[in-house]
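# Analysis of the macromolecular model
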Amino acid sequence: MMPLVALCADEASMAHPELIGLADEQLFAQPWLRLFTSGSEIRTFLRHDRAVDEVWVVSCDDVEPINLAATIKGDRGDVRVCLVSFQGTGSLRSRASAANTRPLSWLPRIRRPI
């Protein structure tokens, strides 16, 4: 089974990936990527699915991204949780570190290596 990545971003970013630096990407066409727009939705999914080994939290419609990233890490200590931010403030980096998440200041191109 191919390892999966779960991406959480708000509905506007999902509809327009260029808002999160992924212009010309077809998020829904990536077989290794699971997409979510709400914190409750991704947490419910992760409770029942063990194929996801990495989570990217960009934004969401119902909770602050840092809080979601920390909660997911608490729920699933076995997954790598990356908080994606375009404003790498010291406070955000400190909170991400305290939550044992990895801060990212950009998203890699959505091309998963084989």
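Nothing here was measured: the structure is a model prediction, and the numbers come from that model.

### Details of the overall build of the protein chain
Secondary structure summary: the protein chain contains four helices and five strands in total. Per-residue burial over the protein chain gives 45% buried out of 114 residues. Of the contacts formed within the protein chain by residues at least 6 apart in sequence, a portion of 64% connects residues at least 24 apart. When the accessible area of the protein chain is evaluated, it comes to approximately 6,300 Å², of which 51% is carbon and sulfur surface.

### Things to note about the nonpolar core
L7, I42, V55 and I72 are the most contacted members of the largest nonpolar core, which has 32 residues in total. At the level of elements, β1 (4-8), β2 (33-36), α2 (39-48), β3 (52-57), α3 (65-75) and β4 (80-84) are the ones that each hand at least two residues to this core. What I42 contacts, discounting residues up to four positions off in sequence, is A6, C8, F36, V55, L68 and I72.

### A few points about the packing of aromatic side chains
Remark: the centre distance and the inter-plane angle together describe each pair of aromatic rings, the angle taken between the planes. According to the stated counting rule, one finds two aromatic pairs in the structure shown. Seen in terms of ring centroids, W32 and W56 are 6.1 Å apart; in terms of plane orientation they differ by 75°. Their pairing is edge-to-face. Note that W32 is positioned in the loop between α1 (11-15) and β2 and W56 in strand β3, a separation of 24 residues in sequence. Aromatic side chains F36 and F45 sit 5.1 Å apart centroid to centroid with 45° between the ring planes, which places their arrangement in the tilted category. With relative accessibility at 7%, the residue F36 sits in the buried group. Overall, F45 belongs to the partly exposed group, its relative accessible area being 23%.

### Some points on the pairing of β3
Counting buried residues along β3, five of its six residues qualify, which places the element largely inside the surrounding structure. Judged from the five bridges that link them, β1 and β3 form a sheet pairing that is parallel. Within the sheet, the bridge partner assigned to V5 lies in β3 and is E54. Sheet analysis places β3 next to β4, joined by four bridges and oriented parallel. Within β4, the residue paired with E54 across the bridge is R80.

### With respect to the confidence of the model for the protein chain
Caution is warranted with low-pLDDT regions, since their predicted coordinates should not be read in detail. Summarising the model, the protein chain shows a mean pLDDT of 81, and 73% of its residues fall at 70 or more. Note that pLDDT drops below 50 for residues 105-114; the model gives that stretch 28 contacts with residues more than four away or on any other chain.

### Considering α2
Of the residues making up α2, those classed as buried are G39, I42 and L46. Looking straight down α2, one finds its buried side chains confined to an arc of 70°; they lie on one side. Against the buried residues of α2 lie β1, β2, β3 and α3.

### Concerning the side chain of R76
Counting through the fold element by element, R76 comes out in the loop between α3 and β4. Looking at R76, its side chain comes within polar contact range of the main-chain oxygen of D49, at 2.9 Å. Excluding its chain neighbours within four sequence positions, the residues that come into contact with R76 are L46, D49, R50 and V52.

Calculation rules
- Residues numbered from 1 in each chain as written.
- Predicted model: local features only at pLDDT ≥ 70, side-chain atom pairs only at ≥ 80, totals over all residues.
- Heavy atoms only, no water.
- Helix = DSSP H or I, 4+ residues; strand = E, 2+ residues; numbered from the N terminus.
- Buried < 20%, exposed > 50% of the residue type's maximum accessible area, 1.4 Å probe, protein only.
- Contact = heavy atoms within 4.5 Å.
- Areas by Shrake-Rupley, 256 points an atom, 1.4 Å probe, with all protein chains shown as cover.
- Core = buried A, V, L, I, M, F, W, Y, C linked by side-chain atoms within 4.5 Å.
- Phe/Tyr/Trp six-rings, centres within 6.5 Å; stacked < 30°, edge-to-face > 60°.
- Pairing = 2+ DSSP bridges.
- pLDDT = per-residue confidence, 0-100.
- Arc of directions from axis to C-beta.
- Polar contact = N/O pair within 3.5 Å; in protein donor to acceptor, adjacent residues only side chain to side chain.

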